[in-house]
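Spelled out from the first residue to the last, the chains are:
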Amino acid sequence: MFEVKRLQINYKTLEEFQKFREFGLEELSMKEDLEANIVENDSESPFYGIYDNDLLVARMSLYKIDGKYDRYFQPAQDYYELWKLEVLPDYRNKDYGTALVNHAKSFGAPIKTNSRCRADEFWLKMGFTPVKYNPMRDRGENPYVWLPENVELQD
């Protein structure tokens, strides 16, 4: 349906992110994350996006987390944290967010995210499950997880 692309870590992408910051909430801003990756010269971009013609209209950041830090899944394993997902206002409700989440699922590893901006319904629709809050582990987050086959939640 839509082509999801791994975004380049460069100043052109930084300019594209500025358009989102104008519309988005501060907690969804990826500008600082991108700037840090430019400084570190990170070649493996955690940013993915969808373009409509030449306009970036949807984006997410997806970080691979080493299994030694896994406090959610059984058996403990590498997983992805879908940190931020945003679609420009004129492109919402057109399945761009769904396409990004499905792209993340295509890697076949468990995914953890946090529901922000009253997005609980979206995450449930995408097959994510809310995690029972653990104050030592979750520290004020509202975690949701997606489990591929043969993966369960830790107790």
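See the structure printed just above.
Source: prediction; values computed, not measured.

Chemist: Which parts of the structure should I look at to understand the nonpolar core?
Modeler: Nonpolar side chains tend toward joint burial in soluble globular proteins. By size, the foremost hydrophobic cluster in this structure holds 30 residues, and its most contacted members are Met60, Leu82, Leu100 and Phe128. Of all the elements in the fold, those that place two or more residues in this core are α1 (11–23), β2 (47–52), β3 (55–65), β5 (79–87), α3 (96–105) and β8 (143–146). Not counting chain neighbours up to four residues away, the residues in contact with Phe128 comprise Val101, Lys105, Ile111, Thr113, Trp123, Tyr144, Val145 and Trp146. Membership of the second largest hydrophobic core comes to 7 residues, among which are Ile65, Tyr72, Tyr79 and Val145.

Chemist: Hey, could you run me through α3 in this one?
Modeler: Owing to its 3.6 residues per turn, the α-helix aligns residues three or four sequence positions apart on the same side. Most of α3 is tucked away: 8 of the 10 residues are buried. Three or more residues of α3 are buried, namely Tyr96, Gly97, Thr98, Ala99, Leu100, Val101, Ala104 and Lys105.

Chemist: Would you take a moment to explain the side chain of Arg137 for this structure?
Modeler: Structurally, Arg137 can be placed in helix α5 (residues 135–138). Of note is the side chain of Arg137, whose polar atom sits 2.9 Å from the backbone oxygen of Lys132. For Arg137, the contacting residues outside a window of four places in its chain are Arg71, Tyr72, Val131 and Lys132.

Chemist: Sorry, what's going on with the pairing of β8 here?
Modeler: On a regular strand, one side chain projects to one face of the sheet and the next to the other, so that they alternate. Judged by which residues are buried, β8 turns out to be covered on both faces: Pro143 and Val145 on one side and Tyr144 and Trp146 on the other are all buried. Looking at chain direction, strand β6 (residues 111–114) and β8 are connected through 4 bridges and run antiparallel. Residue Ile111 lies in a different strand from β8, and its bridge partner there is Trp146. With 2 bridges joining them, strand β7 (residues 129–130) and β8 adopt antiparallel strand pairing. Its bridge partner lying in β8, Pro130 is registered against Tyr144.

Rules of the game
Residues numbered from 1 in each chain as written. Predicted model: local features only at pLDDT ≥ 70, side-chain atom pairs only at ≥ 80, totals over all residues. Heavy atoms only, no water. Core = buried A, V, L, I, M, F, W, Y, C linked by side-chain atoms within 4.5 Å. Buried < 20%, exposed > 50% of the residue type's maximum accessible area, 1.4 Å probe, protein only. Helix = DSSP H or I, 4+ residues; strand = E, 2+ residues; numbered from the N terminus. Contact = heavy atoms within 4.5 Å. Polar contact = N/O pair within 3.5 Å; in protein donor to acceptor, adjacent residues only side chain to side chain. Pairing = 2+ DSSP bridges.

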